[in-house]
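If you want the building blocks of each chain, they are given just below.
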Amino acid sequence: MNLNATLLGQMISFAIFTWFCMKYVWPPVMAALNERQAKIAQGLADAEQGAQRRAEAEDEINQMLTDAKAQAAEIVAAAQKRGNEIIEESKDGARSEGERLKASAQAEIDQEVVSARESLRQQVSSIAVDGASKILGTEIDASSHAKVLDDLVSQI
Amino acid sequence: MASNAPTQSEYIQHHLQNLVVGFHPENGFGIAHGAAEAKAMGFWALHIDSLFWAILLGSLFCWLFKKAADNITTGVPGKLQNFVEMIVEFADGSVKETFQGKSDLIGPLALTIFVWVFLMNLMDLVPVDLIPRITEAMGIPYMKVVPTTDVNMTLGMSLSVFALIIFYSIKIKGVSGFAAELALQPFSSDNKIIKILFIPVNLLLEGVGLIAKPISLALRLFGNLYAGELIFILIALLPWGIQWALSVPWAIFHILVIVLQAFIFMMLTIVYLSMAHEHH
């Protein structure tokens with residue numbers, strides 16, 4: 001373990017290796033490390049921004065959903081109202097139609113009754129005369145008993 | 001030396017002997033055989049094994065990290081990129097925690113120290129006899145595979161750090177500022193004469209403190225790894241049937257030591273350089 005020129009040899013190799021490391025190893029590795037650090041920082045910032053944007057979009061979606069629901073409820077309510085109205089309208093229509101039909105039928109019946117009465121009126125006097133003559137056995141002059149007959153007719 | 005059934009002390013000495021290449025005054029240029037010959041070669045000799053493994057591991061570090069850096073992507077990283085990024089971020093984090101100033105050097109320096117020292121320490125977990133036996137068969141008499149158990153290697157690194165401490169101290173504070181920091185602290189006075197009298201004392205204290213930085217940095221790493229390696233060698237002297245009972249726990253414990261020592265070397269380098277950048 002005596003000291004000799006190996007010392008100088010070691011100093012020279014030490015200097016060369018350090019120089020080599022300083023020139024060819026350290027700068028590219030440090031550059032890459034710093035660049036990756038910047039990249040990761042950028043990535044994290046981007047991720048944060050993305051999350052924020054997503055939250056905003058979610059809020060917007062919720063707002064839209066609420067609006068749409070309200071609108072749908074409104075539409076349904078309007079439709080229901082309109083449906084009820086239509087039902088009421090058709091009910092009214094049907095009722096008035098029915099009444100009209102009933103009225104016309106009543107009118108027809110009344111007319112029939114009147115005409116039947118008229119024809120009865122015309123026939124009653126003759127029947128009465130016929131009947132009386134048959135009972136009495138003589139012919140009855142209708143004209144002489146016109147007053148009695150008219151009373152009879154009017155009773156019908 | 002290791003052949004012909006070495007004694008235990010010969011075995012240990014052989015394992016602690018570097019492969020020294022230098023100029024021997026009598027035998028001429030060549031490989032030193034034994035510690036005495038290595039010592040005789042004086043300062044201008046090289047520990048070929050330490051340097052070989054250190055440069056191999058340093059190159060492995062550079063190649064692996066360069067490969068990851070070349071194919072780096074800011075998207076989803078691959079396995080290698082992930083691994084490299086983790087270590088780079090660890091080094092960068094340690095620097096940013098401690099070092100307030102701005103420097104293009106200190107980050108890569110910390111990364112290089114951490115990974116390189118770790119890899120060199122990691123060689124300690126390779127079975128002590130494995131690589132030396134292989135190289136012995138190839139005709140290389142000595143082979144120490146853990147570069148950080150060679151004080152030359154740790155001192156080489158800490159002296160480089162020391163040079164950077166001096167360089168930055170002078171660059172940031174100026175020569176006079178640095179000199180003032182050494183001479184006018186920790187004892188100071190408003191009285192000019194007492195202040196001057198304090199200068200030698202301060203110089204001594206601060207000088208020792210300054211010199212202690214690289215020395216302690218080098219010796220801490222060297223001492224830890226040398227001791228660990230020595231224990232592995234001692235365990236290897238036991239009968240082969242019971243070696244595992246000691247080497248496995250020690251190796252597991254040593255995993256902690258090798259990472260910790262690499263981390264301490266890196267952290268103290270950052271702290272020392274941070275102190276060099278600070279004004280008092």
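Residues numbered from 1 in each chain as written. Chains lettered and ligands numbered in written order. Predicted model: local features only at pLDDT ≥ 70, side-chain atom pairs only at ≥ 80, totals over all residues. Heavy atoms only, no water.

**Examining the overall build of chain B**
Helix and strand counts for chain B come out as nine helices and three strands. Its C-alpha atoms put chain B at 75 × 60 × 40 Å along the principal axes. Out of the 280 residues in chain B, the part that is buried amounts to 46%. In chain B, of all internal contacts separated by at least 6 residues, the share reaching a separation of at least 24 is 69%. Surface exposure of chain B reaches about 14100 Å², of which carbon and sulfur atoms provide 71%. Chain B carries 14 positive and 19 negative side-chain charges, and their two centres are separated by 9 Å. (Helix = DSSP H or I, 4+ residues; strand = E, 2+ residues; numbered from the N terminus. Buried < 20%, exposed > 50% of the residue type's maximum accessible area, 1.4 Å probe, protein only. Contact = heavy atoms within 4.5 Å. Areas by Shrake-Rupley, 256 points an atom, 1.4 Å probe, with all protein chains shown as cover. Lys, Arg positive; Asp, Glu negative; His and termini not counted. Charge placed at Lys NZ, Arg CZ, Asp CG, Glu CD.)

**Digging into empty space enclosed by the protein**
Over the atoms rolls a probe the size of a water molecule, and in doing so it shows where empty space is left. All names here are of chain B. Considering all chains together, one arrives at two cavities of 30 Å³ or more under this definition. Looking at the second largest cavity, its volume works out to about 40 Å³. Surrounding the second largest cavity, His15, Val128, Pro132, Met143, Lys144, Val145 and Glu229 form its lining. Residue composition of the lining of the second largest cavity, by class: four nonpolar, one polar and two charged. (1 Å grid on protein atoms, 1.4 Å probe; cavity = no way out; pocket = protein on both sides within 12 Å on 5 of 7 lines; lining within 4 Å. Points joined across faces, edges and corners; volume = space filled by probe spheres on them. Nonpolar A, V, L, I, M, F, W, Y, C, P; charged D, E, K, R; others polar.)

**Thoughts on the nonpolar core**
By size, the foremost hydrophobic cluster in this structure holds 63 residues, and its most contacted members are Phe65, Val88, Leu111 and Ile113 of chain B. Elements with a contribution of two residues or more to this core: helix H1 (6–136) of chain A together with helix H3 (48–70), helix H4 (79–98), helix H5 (106–122), helix H7 (151–183), helix H8 (192–236) and helix H9 (240–277) of chain B. A per-element tally of this core places H5 of chain B first, with 11 residues. Other than its neighbours up to four places away in sequence, valine 88 of chain B contacts Trp26, Val29, Met30 and Leu33 of chain A together with Phe65 and Leu111 of chain B. Counting residues in hydrophobic clusters, the runner-up holds 12 residues, among them Ile12, Val151, Phe222 and Ala236 of chain B. (Core = buried A, V, L, I, M, F, W, Y, C linked by side-chain atoms within 4.5 Å.)

**Section: the packing of helix H1 (residues 8–15) of chain B against H8 of chain B**
Residues and elements named next belong to chain B. Where H1 contacts H8, the axes come no closer than 10 Å and their chain directions differ by 145 degrees. As for how H1 packs across H8, the hand of that crossing is right-handed. In this structure, H1 contributes Tyr11, Ile12 and His15 to the contact, and H8 contributes Leu230, Ile233, Leu234 and Ala236. Of the residues in the contact of H1 with H8, the class split is six nonpolar, one polar and no charged. (Axes fitted to C-alpha atoms, helices over the stretch in contact; angles between N-to-C directions. Left-handed = near helix turned anticlockwise from the far one by under 90°.)

**Describing a negative patch on the surface**
Residues and elements named next belong to chain A. Taken together, Glu56, Glu58, Asp59 and Glu60 make up a surface patch of like negative charges. By the element assignment, glutamate 60 lies in helix H1. Judged by relative accessible area, which is 53%, glutamate 60 ranks as exposed. (Patch = residues over 30% accessible without salt bridge, like charges linked within 9 Å, V, L, I, M, F, W, Y side chains within 5 Å. Salt bridge = Lys/Arg side-chain N within 4 Å of Asp/Glu carboxyl O.)

**So, H1 of chain A**
Residue and element names in this part refer to chain A. An ideal rise of 1.5 Å per residue puts 195 Å on 131 residues; H1 measures up with 185 Å between its terminal C-alpha atoms. The largest bend along H1 measures about 40 degrees and falls at methionine 22. At the exit of H1 stands glycine 137, carrying a positive phi of roughly 80 degrees. (Expected span 1.5 Å × (residues − 1). Bend = angle between axes of the 7 residues up to and from the residue.)

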